[in-house]
Each structure stands twice: as C-alpha cells, then as structure tokens.
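Coordinate analysis (summary)
The lines below spell out each chain.
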Amino acid sequence: GDSVTQTEGLVTLTKGLPVMLNCTYQTTYSPFLFWYVQHLNEAPKLLLKSSTDNKRTEHQGFYATLHKSSSSFHLQKSSVQLSDSALYFCALNSNNRIFFGDGTQLVVKP
Amino acid sequence: ETAVFQTPNYHVTQVGNEVSFNCKQTLGHDTMYWYKQDSKKLLKIMFSYNNKQLIVNETVPRRFSPQSSDKAHLNLRIKSVEPEDSAVYLCASRDRGNSDYTFGSGTRLLVI
C-alpha cells in the first residue's frame, strides 16, 4: 500500500551545519510530495511541495528534489539555525489521499 | 482572516465525561479532517468529511463522532473520554486535487 518513510526520528546538529532529512515513499499513483514543519505547540505548516520529477523546490532556505526513480523527497538546508528546531513531516498525496511519515525531530544546538 | 480556527485551545476533563471540540475554516475548502497527534507526535487521521461523504478511520473508537453543519464546520465529539484520549487534536482543511492541508492550532486534551 501507499506509505511514507522517514528513517530518522531525531537529528541533532550544531548551528551552521548542513542537514538532510530523509523521506522515501511508496505509491502506484502519480506522487505529490510535501514537507510540513511543526514548531513546539504550534500547528504543522507547509514548507515545500512538489510533483515535478528532478526539479528542486526551495523555501525559507530549505530545498528538496523529487526523484521518482528512487521514490525520494529528502529535505535539505545548507546551514541550520537555532530557529529550525522543530518537527518535520514528509507527506504524500496519492490518489487524493494523504499519507504522513512519522516525523523527524530536528534539534539545533548553539 | 482566512484560516482554520479551533476551540478550545486546552481542555482538562475527567474520565467518562463528554467533550466537544469545534473547528471552522474560512478558506472555502471542500474537505475537512480531524487528526490525533499523540505523545509520540505521530499524526493519525480520524475522519475526513466533505458535504457528501464521511470517511472514518476504522481504528477510531466509536465514542468519537464528527459533527458537521456545513462544509466550513467540522466538530468532534467524544462521548465518554478515556485516559488514552489525552492528545492534541488537529483540524485541517484542503481543497480538491493535490493542494496541501491547512491545519488549525490544535486542541490539547488532558483526561485525568
């Protein structure tokens, strides 16, 4: 069945370092992928989305590229900030149904 | 302001009580959802509803029920709360096709 896998439950980094949060998916339909960010005690908010193969999409310093060949949509940032500490969800829209990954908690230390 | 609005923000209640949470969206979206976010922060869909169809996640206990007066409102009632119902309940809405969700700020429920 359709699913999203985020392999890291927790990622801890020092400010200024690059980060990549993994996201892979499984579907037989044409995929539409999303990244949501949830700061502490706030609602999840859309960060990025894409349905175009091999095209990089960017927002607020974060970027991701949908690779249909590897069923991946990894989230990256070249230099994390303290304010990036949050919970990040990868999500798949498949045949108009949404599937969320389990989330990756990003902790950025000074 | 267009958004998804939830009330209350917090609710503390005793086991066995009935609670009701409200959700309203002013985005003109045609589908609304309730999600439960547990202590592990996992997002679990409970219900999705548009003005024609209610889809229930079969794992949701029967004490939970959605209530809708129109496509802009989707409330959640819990008939007799249990300790494991303590969680954050997130309401969301979405338009057709591949558009993303807009979430409300959530209702945090504590059952004591």
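Up top you'll find the structure we're talking about.
Rules used in this analysis
- The residue count restarts for each chain, going from 1 along the sequence in the order it is written.
- To read the labels, note that chains go from A and ligands from 1, taken in the order they are written.
- Per-residue local features of the predicted model are confined to residues with pLDDT of at least 70, and side-chain atom pairs are confined, for both listing and counting, to 80 or more; whole-chain, interface and lining totals are unaffected and use all residues.
- Hydrogens and water are ignored here; the side-chain numbers use all heavy atoms of the structure.
- Here's how the labels work: a residue is buried when its accessible area is under 20% of the maximum for its type, exposed when over 50%, partly exposed in between, all with a 1.4 Å probe on protein chains only.
- Counting from the N terminus, the helices are DSSP H or I runs at least four residues long and the strands are E runs at least two residues long.
- Any two strands with at least two DSSP-identified bridges between them are counted as paired.
- By the convention used here, residues are in contact when the closest approach between their heavy atoms is within 4.5 Å.
- The buried area of a pairing is the accessible area, by a 1.4 Å probe, that goes missing from both parts when the two are put together, added over both.
- Only one rule defines a salt bridge in this text: a Lys or Arg side-chain nitrogen within 4 Å of an Asp or Glu carboxyl oxygen.
- Throughout this description, a polar contact denotes any pair of N or O atoms lying within 3.5 Å of each other; where both atoms belong to protein, one of them has to be capable of donating a hydrogen while the other can accept it, and for residues adjacent in sequence the pair is counted only when both atoms sit in side chains.
- Axis definition: a line fitted to C-alpha atoms, limited for helices to the stretch in contact. Angles are taken between N-to-C directions and run from 0 to 180 degrees.
- Grouping into patches uses exposed residues only, defined as over 30% relative accessible area, and leaves out salt-bridged ones; the cut-off is 9 Å for like charges and 5 Å for nonpolar side chains (Val, Leu, Ile, Met, Phe, Trp, Tyr).
- Note on areas: Shrake-Rupley, 1.4 Å probe, and residue coverage restricted to the protein chains presented here.

1. Side note on the pairing of strand S10 (residues 86-94) of chain A
Residues and elements named next belong to chain A. The element S10 is largely enclosed, with a buried count of nine among its nine residues. Side chains Ala86, Tyr88, Cys90, Leu92 and Ser94 of S10 all project onto a buried face; the interleaved residues Leu87, Phe89, Ala91 and Asn93 project onto the opposite face, where all are buried too. Pairing analysis gives seven bridges linking strand S5 (residues 32-38) to S10, with the strands arranged antiparallel. In the sheet register, Val37 faces S10, and the bridge partner there is Tyr88. Where S10 meets strand S12 (residues 104-109), three bridges bridge the pair, whose relative direction is antiparallel. Considered in S12, the bridge of Tyr88 is made with Thr104. Sheet topology note: the S10/strand S11 (residues 97-100) ladder contains four bridges and is antiparallel.

2. Notes on the interface of chain A and chain B
Taken together, the contacts link 16 residues of chain A with 16 residues of chain B. Counting the surface lost from both chain A and chain B, the interface buries some 1400 Å², and carbon and sulfur atoms represent 55% of this. Of all residues in chain A, Pro44, Ile98 and Phe100 of chain A bury the most surface against chain B, accounting for 28% of the area lost on that side. Summed over the shared surface of chain A and chain B, the result is one salt bridge. Close ionic contact of Asp100 of chain B with Lys49 of chain A constitutes a salt bridge, the shortest N to O distance being 3.1 Å. Counting across the interface, chain A meets chain B through four residue pairs in polar contact (both at pLDDT 80 or more).

3. A look at the sheet that holds strand S1 (residues 4-7) of chain B
Residues and elements named next belong to chain B. Reading across the sheet, the four strands line up as S1-S3-S8-S7 and stay open at both edges, with antiparallel pairing between neighbours. Pairing within the sheet leaves two strands with one partner each, and these edge strands are S1 and strand S7 (64-67). Each strand axis lies, on average, 20 degrees off the axis of its neighbour in the sheet, ignoring direction. Two elements, strand S3 (residues 19-25) and strand S8 (residues 75-78), share three bridges in a ladder whose sense is antiparallel.

4. Side note on the sheet that holds strand S8 (residues 62-65) of chain A
Residue and element names in this part refer to chain A. An order of S3-S9-S8-S7 is seen for the four strands of this open sheet, with the pairing classed as antiparallel. Unpaired on one side and paired on the other, strand S3 (19-21) and strand S7 (56-59) mark the two borders of the sheet. Across this sheet, the average inter-strand angle for adjacent strands is 20 degrees, counted without regard to direction. In this sheet, strand S9 (residues 75-77) lies alongside S3 in antiparallel orientation, the contact comprising three bridges. Paired with Leu21 across the bridge in S9 is Leu75.

5. Topic: a nonpolar patch on the surface
Residues and elements named next belong to chain B. Where nonpolar side chains cluster on the molecular surface, the patch consists of Val12, Leu110 and Ile112 and spans about 290 Å² of accessible area. Within the element layout of this structure, Val12 appears in strand S2 (residues 10-13). You can call Val12 exposed: its relative accessible area is 52%.

6. Notes on the environment of Asp85 of chain B
All names here are of chain B. Mapped onto the fold, Asp85 is located in the loop between S8 and strand S9 (87-94). In sequence terms Asp85 and Leu109 are 24 residues apart; their C-alpha atoms lie 7.4 Å from each other. Once residues lying within four places of it in the same chain are set aside, the contact partners of Asp85 are Lys36, Arg63, Phe64, Ile78, Ser80, Leu109 and Val111.

7. What about the side chain of Asn22 of chain A?
Residue and element names in this part refer to chain A. The residue Asn22 is located in the loop between S3 and strand S4 (24-26) in this model. Of the polar contacts made by the side chain of Asn22, one reaches the side chain of Glu8; its length is 2.5 Å. A polar atom in the side chain of Asn22 sits 3.4 Å from the side chain of His74. Ignoring any residue separated from it by four or fewer positions in sequence, one finds Asn22 in contact with Thr5, Gln6, Thr7, Glu8, Trp35 and His74.

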